[in-house]
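Each chain, letter by letter, is given below.
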Amino acid sequence: MGSLSEKELYIFDLDGVIYRSNKPIPEAIQFIHALHSKNKQVTYLTNNSSKTKSEFALKLISMGIQAKEDEIYTSAYISAEYLKAHYRDGTAFVIGESGFESILKEAGFTVLNESNPEIIEMEQISDDIGADFVIVGWDRFVTYNKFRSAMMLIQKGAHFYASNDDSSFPGPDSIWPGAGALVAFLQTALHQQPKKIFGKPSPMGINQILQNYGVLPANAVMVGDRLTTDILAGNRAGVTTIGVETGIHFRKDLLKFGEDHHPTHFVSSLKELMNEI
Ligand SMILES: [Mg+2]
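Residues numbered from 1 in each chain as written. Predicted model: local features only at pLDDT ≥ 70, side-chain atom pairs only at ≥ 80, totals over all residues. Heavy atoms only, no water.

### Let's talk about the pairing of strand β1 (residues 9–12)
At step 1: Side chains Leu9 and Ile11 project from β1 onto one buried face, and the interleaved Tyr10 and Phe12 project onto a second face that is buried too.
At step 2: One ladder, built from four bridges, connects β1 with strand β4 (residues 41–46); its direction is parallel. Counted as the bridge partner of Tyr10 is Val42 from β4. (Buried < 20%, exposed > 50% of the residue type's maximum accessible area, 1.4 Å probe, protein only. Helix = DSSP H or I, 4+ residues; strand = E, 2+ residues; numbered from the N terminus. Pairing = 2+ DSSP bridges.)

The following block contains the structure:
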């Protein structure tokens, strides 16, 4: 695997690693400063689909991290890249926040919730209205009617996708429902699985970062708090993985999951690895 000091590229999850909700984790910020001072490439890969790259970059900057927009990868962007290749200039219905809608519009899609907002209150959808796909991400403003429209569109032929299926994520001092809980709502109602889930544990995002930076898996590291997403995705992509106990999972959780969910290194705080990089 090689030592951490030989690695060229670090990929960080955000929630539970760099911050918990809006509370920065100081040891993680110091760790990133140390990586920057050693000229390592630092990128961020989050399943959170609610914000744009620039909004995440600003959040990191406000916490004292010199982050650039193009270092941020979110499940919404990974989704948009794939969907662009399969439904060019098509129509989307989005369960997600305004950041997700903006990303899809920038990718060239018509977002039905915006172009025909009345659709959300309709009990039937006429045949002249349809969508190529419905995509589900984290949405704090979701309503029964929004789910109902999504379900009607899928029954009329729209394909069902999910940006990620994190069941929950760390709030400031408790666990909050994640996008996966919203995906499950539709899955239960439809008796249908999404055609694809783009976020971690899919290695799609990590592979895209490695390709963009021209770095081999052997020279990259994924840092995350969740064994079932960050660590599994990292192991699937063949990179070194670091689990950190500042979010969802702890060392005791290793017993619950198979080897493919086990990180190369497991630390209570990134401070423990300061001298290894
Ligand atoms: Mg996390």
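### Some details on the sheet that holds strand β13 (residues 240–244)
At step 1: Across the sheet, six strands lie side by side as β5-β4-β1-β12-β13-β14; this open sheet has parallel pairing. Edge positions in the sheet fall to β5 (72–74) and β14 (265–267), since each has one partner strand and no second. Going across the sheet, the axis of each strand differs from the next one's by a mean of 20 degrees, ignoring polarity.
At step 2: Along the sheet face, helix α1 (residues 26–37) touches β1 and β4 and points at about 155 degrees away from the line of β1.
At step 3: Helix-sheet contacts for helix α9 (residues 227–237) involve β12 (220–224), β13 and β14, and the interaxial angle to β13 is about 165 degrees. (Axes fitted to C-alpha atoms, helices over the stretch in contact; angles between N-to-C directions. Contact = heavy atoms within 4.5 Å.)

### So, the packing of aromatic side chains
At step 1: In total, this model carries 12 aromatic pairs according to the counting rule given.
At step 2: Plain terms: the ring middles of Phe147 and Phe185 are 3.8 Å apart, the flat faces sit at 10 degrees to each other, and that makes the pair stacked. Of this pair, Phe147 sits in helix α6 (residues 144–155) while Phe185 sits in helix α7 (residues 179–190), placing them 38 residues apart in sequence.
At step 3: When its relative accessible area of 5% is taken as the criterion, Phe147 is described as buried.
At step 4: Here Phe185 falls in the partly exposed class, since its relative accessible area comes to 39%.
At step 5: The residue whose ring lies beneath Lys53 is Tyr73, and the NZ or CZ to ring-centre distance is 5.0 Å.
At step 6: If you follow Lys59 out to its NZ or CZ, it ends over the ring of Tyr19, 4.0 Å from the centre. (Phe/Tyr/Trp six-rings, centres within 6.5 Å; stacked < 30°, edge-to-face > 60°. Lys NZ or Arg CZ within 6 Å of the ring centre and 35° of its normal.)

### Description of the coordination of the magnesium ion
At step 1: For the magnesium ion, the full set of protein donor atoms is Asp13 (OD), Asp15 (O) and Asp225 (OD), and the range of their distances to it is 2.0 to 2.2 Å.
At step 2: Mapped onto the sequence, the donors of the magnesium ion take the spacing D-x1-D-x209-D. You can see Asp15 sitting in the loop between β1 and β2 (19–20) and its partner Asp225 sitting in the loop between β12 and α9, a full 210 residues away along the chain. Across the pair, exposure class does not vary: Asp15 and Asp225 are buried alike. (Donors = N, O, S within 2.8 Å, 3.2 Å for Na, K, Ca; no water.)

### A closer look at the environment of Ala34
At step 1: Its location among the elements puts Ala34 in helix α1.
At step 2: Distance in space between the C-alpha atoms of Ala34 and Met274 is 7.6 Å, their sequence separation being 240 residues.
At step 3: Contact partners of Ala34, with chain neighbours within four places excluded, come to Met274 and Ile277.

### As for α7
At step 1: For α7, spanning 12 residues, the distance from its first C-alpha to its last is 17 Å, which sits close to the expected 16 Å at 1.5 Å a residue.
At step 2: For α7, the set of buried residues is Ala179, Gly180, Leu182, Val183, Leu186 and Leu190. The buried residues of α7 all sit within an arc of 160 degrees when viewed along its axis, so they share a single face.
At step 3: Where α7 is buried, its residues touch β6 (91–95), β8 (133–136), α6 and β9 (159–162).
At step 4: The positive-phi residue at the C-terminal boundary of α7 is His191, with phi of around 55 degrees. (Expected span 1.5 Å × (residues − 1). Arc of directions from axis to C-beta.)

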